[in-house]
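As a plain string of letters, each chain reads:
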Amino acid sequence: MASPHLPATGSHPSPSGTRLGDRPDDRSSGHPDDRPGGRSGDLPTRRPAQSPRPARPAPRGDAHATALTHALVAAGRGYSVLPLTRAKLPAVRSPHHADPSPTPCRGDCGRPGHGIHDATSDPLAVRRLFAAAPWATAYGIACGVPPHHLIGIDLDTKNGADGLTALQLLAAQHRFTLPPTVTVRTPSGGRHLYFSGPPAPPVPNSAGRLAPGIDIRGTGGYLVGPGSRTSRGEYRLAPGTPRLPAPAPAALTALLPPQSPPHPHSHSLHHPSALPSPPPHPNPAPALLRFVRTSPDGQRNARLFWAACRAYESGLGQEMATALTTAALHTGLTEREARATIASAARH
């Protein structure tokens, strides 16, 4: 079984010949809600035993200009974008912050400052949004909107999670191969994979539902775009990445049913019964047991719970309970902990 295509890490040359993120960080961000506020990393560093030299601060607005440039490139490829702060939050302040309404405005007032609802692929509108937020050093790419109906797969590798391995296991278990697609390297060492999805039903956002270390960005969500600079570091395209997202494999989209209640005007599109069922697998037990047995420290319970949930969904929960317990004992969990986790999955 072929493993998913996971490109190597690295940065990608920008159209100007420079590499994404090579500009110095913008230490002069002026957003009142986004200043680092006294963290030591934002202070000048003294060099002992050397004569003082005049400081050479990064050009004001340099990171802002870089983010805008890359946002315009993304918009030119059909993505809807919006400016973000160093904290990866929408950068334009809400025009209703002083007079909140019980009915949320989603941009109907015609003013910017409505988060994901500001996202646009119109170059002039993109420039206006960035002009309204000169502190923005990053940009977001909206998911779930035309023309790509983007599905973002966020593969995390920190805090004991192993999204790369989990995705490979899912691909083997459900017999699909991930095609080469747009891949972005995140500051934490993870990956963002971009796939184009179907227009309907909408894919929701989720965190860890498929497996620990795998988050999904769908309708109403966004991905931090390559060329962005955040407080955690830079986002860069992997070398050799395609220009546009590949279609998501049908077997993968089948694993992403909506989790929210149906909208009153679109029952047929949102109701889970309207979705195709995941492709049958003759025997998922070996893959699930291997997933549990290879759990790293700090993720043993999470992996066991996920595997037990998948076992019960396949109708094999009771049959696999003993084998899952044995696999969990191999990782260092006690029998009591393992049985409690499996019982919790049975009630999930």
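Refer to the structure presented above.
Because the structure is a prediction, the values reported are computed rather than measured.

**Here's the deal with the environment of Pro-284**
Inference 1: As for its position among the elements, Pro-284 is in the loop between α5 (267-270) and α6 (285-293).
Inference 2: Here the alpha-carbon distance between Pro-284 and Leu-316, two residues 32 residues apart in the chain, equals 9.1 Å.

**Examining the pairing of strand β3 (residues 150-155)**
Inference 1: Burial runs high along β3: six of the six residues are buried.
Inference 2: Burial along β3 is two-sided: Leu-150, Gly-152 and Asp-154 facing one way and Ile-151, Ile-153 and Leu-155 facing the other are all buried.
Inference 3: Where β3 meets strand β5 (residues 191-196), six bridges bridge the pair, whose relative direction is antiparallel. If you follow Ile-153 over to β5, its bridge partner there is Leu-193.
Inference 4: The sheet contact formed by β3 and strand β7 (residues 214-217) spans four bridges and is antiparallel. Bridged to Leu-155 within β7 is Ile-214.

**Quick word on the sheet that holds strand β8 (residues 222-224)**
Inference 1: If you walk across this open sheet you meet the three strands as β1-β2-β8, and the pairing is antiparallel. Of all the strands in the sheet, just β1 (81-84) and β8 have a single pairing partner and so form its edges. Looking at each pair of strands side by side, their axes are set apart by 35 degrees on average, direction ignored.
Inference 2: Relative to the sheet, helix α1 (residues 62-76) contacts β1 and β2 (138-142), its axis offset from that of β2 by approximately 20 degrees.
Inference 3: Along the sheet face, helix α2 (residues 123-131) touches β1 and β2 and points at about 15 degrees away from the line of β1.

**Remarks on the pattern of salt bridges**
Inference 1: Going through the model one piece at a time under the given rule, you end up with four salt bridges.
Inference 2: Between Glu-234 and Arg-236 there is a salt bridge whose closest N-O contact spans 2.7 Å.
Inference 3: Connected via shared salt-bridge partners are Arg-229, Glu-234 and Arg-236.

**Points about unusual backbone geometry**
Most peptide bonds take the trans configuration, and most residues that are not glycine carry a negative phi.
Inference 1: For the bond from Pro-146 to Pro-147, the omega torsion is 0 degrees, close enough to zero to count as cis.
Inference 2: The topology assignment puts Pro-147 in the loop between β2 and β3.
Inference 3: The amide bond that connects Ala-200 to the next residue, Pro-201, takes the cis arrangement and shows omega of -5 degrees.
Inference 4: Positioned with a positive phi, His-149 is a non-glycine residue whose angle comes to about 50 degrees.

The rules we used
The numbers attached to residues start from 1 for each chain and follow its sequence in the written order. Whole-chain, interface and lining totals are the exception, using all residues; otherwise, since this is a predicted model, local features are given only for residues with pLDDT of at least 70 and side-chain atom pairs are given and counted only at 80 or more. Side-chain descriptors were evaluated using all non-hydrogen atoms of the structure, hydrogens and water having been removed beforehand. Only DSSP runs of H or I reaching four residues or more are called helices, and only runs of E reaching two or more are called strands; each is numbered from the N terminus. Buried, partly exposed and exposed residues are distinguished by accessible area as a fraction of the type maximum, computed with a 1.4 Å probe on protein chains only: under 20%, between the cut-offs, and over 50%, respectively. By the convention used here, strands pair only if DSSP detects at least 2 bridges between them. Under this scheme, a helix contributes an axis fitted over its contacting stretch, all axes are lines through C-alpha atoms, and angles between N-to-C directions fall in the 0 to 180 degree range. A contact between two residues is defined here by any heavy atoms of the two lying within 4.5 Å. One speaks of a salt bridge when a side-chain nitrogen belonging to Lys or Arg is within 4 Å of a carboxyl oxygen belonging to Asp or Glu.

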